[in-house]
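# Architecture at a glance
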Amino acid sequence: MEAAAKAADGAEGAAAVALLRPEFNMTKEERRAWIQRFGCLPAEMQQLSDKLAKQDAPKEKKEKHKSLYKVSEKDKKKRKTGGDGHMPFHAKERMASNRG
């Protein structure tokens, strides 16, 4: 019996640790007083807090693309500046095969 009760408490404890959220069951008077004092309801405050925490969290960056092909710095520079753009494809292929 005690082991079952501890297991049940453990399950509730895990859920409570995951949420850590108080529940506000308010009457109309309490709600009115809360709004007069703070300007919003507790649930709205929690939503804004969650939103700010999400905005402040660092974004996960994707892994940078790495080329499968070996490209020299000279070829990269030529591609950036648009060199040999006037040549037809077969001529570029012939030049590339002569490079080695």
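Residues numbered from 1 in each chain as written. Predicted model: local features only at pLDDT ≥ 70, side-chain atom pairs only at ≥ 80, totals over all residues. Heavy atoms only, no water.

### As for the overall build of the chain
The criterion, for reference: Only DSSP runs of H or I reaching four residues or more are called helices, and only runs of E reaching two or more are called strands; each is numbered from the N terminus. Throughout, exposure labels follow a simple rule: accessible area from a 1.4 Å probe, protein chains only, divided by the maximum for the residue type, with under 20% read as buried, over 50% as exposed, and the rest as partly exposed. Using the Shrake-Rupley algorithm and a 1.4 Å probe, accessible areas are obtained, with residue cover drawn only from the displayed protein chains.
Along the backbone of the chain there are 5 helices and 0 strands. Secondary structure elements of the chain occur, N-terminal to C-terminal, as α-α-α-α-α. Counting all 100 residues of the chain, 5% fall into the buried class. A total of about 10200 Å² of accessible surface is found on the chain, and carbon and sulfur atoms cover 57% of it.

### Notes on the packing of aromatic side chains
Stated precisely, the cut-off is as follows: Here a pair means two rings of Phe, Tyr or Trp (six-membered ring of Trp) with centres within 6.5 Å. Their orientation is stacked below 30 degrees between planes, edge-to-face above 60, and tilted elsewhere.
Counted according to the given criterion, the structure contains 1 aromatic pair. On the numbers, 4.7 Å between centres and 50° between planes, the contact of W34 with F38 is tilted. Note that W34 and F38 are positioned in helix α2 (residues 28-38) at a spacing of 4 residues, about one turn of the helix.

### Some thoughts on the confidence of the model for the chain
The test is simple: Per-residue confidence from the predictor is reported as pLDDT, which spans 0 to 100. Working rule for contacts: check all heavy atoms of both residues, and any pair within 4.5 Å makes them a contact.
When pLDDT is averaged along the chain, the result is 75; 71% of the residues meet or exceed 70. Between the elements of the chain, mean pLDDT differs from a low of 49, seen in helix α1 (residues 2-19), to a high of 89, seen in helix α3 (residues 42-56). Note on residues 1-8: pLDDT is under 50 here. Beyond four places in sequence and across chains, it has 0 contacts.

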